[in-house]
Amino acid sequence: MKTQLCLACVGMWLACWIAPVHAGVPVYQIEIREHLFYPAELRVPAGQKIKLQVINQDATPEEFESFELNREKVILGKHKATIFIGPLHPGEYQYFGEFHPETAQGIIIAE
Amino acid sequence: MTLSAVIIILREVLEAALVLSLLVSTTRLMGLSYLGIIAGLVFGMASAVSASLLVGVISESFDGVGQEVFNAVFLTTIVLLLILYAAGIDRQAATVGRLKSLLQLVVSCLVVALIITREGMEIIIFVSGFTDSLVDMLPVLVGGAIGTGIGVSLGVLVYYGLINLPDRLAVVVPLLLLALVASGMASQAVVYLMQGGLVESQLPVWDSSDWISETSVTGQLLYAALGYEATPTLKQLVFYCTTLMVFMLVVVISRWLREAPAVRGAD
């Protein structure tokens, strides 16, 4: 009995960590063209998980990077990437293309 | 372009240079062979090239979050290897036995290879984006060389700092630094799993970006050394602290186990 209880607790604890359910997660798209992000300013709801789809229309690779969001991901030319962000406190979060930071700059506004 | 190339290459090189300087200094301290590290460098470079060629396949695996899985697995493996490596660090290690020396050799080779693969892969992908024209390529190469130069110099500086420590600190300081680097990597592995949606993310526990921004030089150095993040989540902190404690515990227990027979023998 005690063992079963322990196992149940461990199971529940593990379930808290693993999150396979992505149904109902809002999806937002960002495109990279000529080393620029479109839209450069993206508004998303605060306090919930968000799925970003970053589509690199350029032929060259780019790295989606954000210190504020703690995210970094290489996206090859003509490829798309999925990045989960949030839940976020309301505020502004900058991101940039690490391979072309002079032009590839964007901001995500959680509200 | 040159400046951004300096920054991006420096960021990658710095992380690898720091771990390498820790491994080289402890290898010297233990009087072991550098063969493991050299072999690791060679394997690492070869596997960085292979990984950069396979990055498209990796990215598209696991429903588009293969990169995150790949990074999390790599980081976790490096953390476990670092713990194993630290457990074997001892001044007398070279005289303890050939099997153990061999084990340390293999472990250091794997750690170096994995780290070089991770950082090298990104550098190769970055540079590969500019191969079309020489006009674009030249500033990237110049910037890359400067970034590598600064990164390697910092690594060398840390190395000389470590080997010139007074005797009683010579073992403790590198171990502590390795423990902190490993803990930072464990926390980073959790971030990758959150980024891939494999682990539920959370609101950050604090925001210290007003004090030390992650974009600042201090922030970057702290990131490389301690895995500093201005807005960590609770799960990251749990993994950071757990790794730190397990690392320390394993080191203490392994040293106690080594010393115990010697004490018994003296009785």
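Structure shown above.
Residues numbered from 1 in each chain as written. Chains lettered and ligands numbered in written order. Predicted model: local features only at pLDDT ≥ 70, side-chain atom pairs only at ≥ 80, totals over all residues. Heavy atoms only, no water.

The subject of this paragraph is the overall build of chain A. Helices and strands together make up the secondary structure of chain A, namely one helix and nine strands. Put simply, chain A runs from its N terminus to its C terminus through helices and strands in the order α-β-β-β-β-β-β-β-β-β. When burial is assessed residue by residue, chain A has 49% of its 111 residues classed as buried. On chain A, roughly 5600 Å² of surface is accessible, and the fraction owed to carbon and sulfur atoms is 62%. (Helix = DSSP H or I, 4+ residues; strand = E, 2+ residues; numbered from the N terminus. Buried < 20%, exposed > 50% of the residue type's maximum accessible area, 1.4 Å probe, protein only. Areas by Shrake-Rupley, 256 points an atom, 1.4 Å probe, with all protein chains shown as cover.)

What follows concerns the packing of helix 2 (residues 35-64) of chain B against helix 5 (residues 98-128) of chain B. Residue and element names in this part refer to chain B. At a closest axis distance of 6 Å, the pairing of helix 2 and helix 5 adopts a crossing angle of 35°. Where helix 2 crosses over helix 5, the two elements pack in a sense that is right-handed. Of the residues in the contact of helix 2 with helix 5, the class split is 18 nonpolar, eight polar and no charged. (Axes fitted to C-alpha atoms, helices over the stretch in contact; angles between N-to-C directions. Left-handed = near helix turned anticlockwise from the far one by under 90°. Nonpolar A, V, L, I, M, F, W, Y, C, P; charged D, E, K, R; others polar.)

Once that is clear, we can look at the environment of B:L178. Residues and elements named next belong to chain B. Position of L178 relative to the elements: it lies in helix 7 (residues 172-195). Note on L178: relative accessible area 0%, which makes it buried. Put simply, L178 and I8 are 170 residues apart on the chain and 23 Å apart in space, counted from C-alpha to C-alpha. With residues near it in sequence (within four places) discarded, L178 still touches L22, L82, Y85, I89 and F247. (Contact = heavy atoms within 4.5 Å.)

Moving on to the packing of aromatic side chains. Given two aromatic rings, their pairing is described by the distance between the two centres and the angle made by the two planes. In this structure the tally under the stated criterion is eight aromatic pairs over all chains. On the numbers, 5.0 Å between centres and 50° between planes, the contact of A:F99 with B:F126 is tilted. Note that A:F99 is positioned in the loop between strand 8 (91-97) and strand 9 (105-110) and B:F126 in helix 5, a pairing that runs across two chains. For the pair shown, A:F99 and B:F126 are each scored as buried. Where B:F126 meets B:F130, the ring centres are 5.3 Å apart and the plane angle is 70°; that geometry is what we call edge-to-face. (Phe/Tyr/Trp six-rings, centres within 6.5 Å; stacked < 30°, edge-to-face > 60°.)

None of this, on its own, says anything about what the molecule does.
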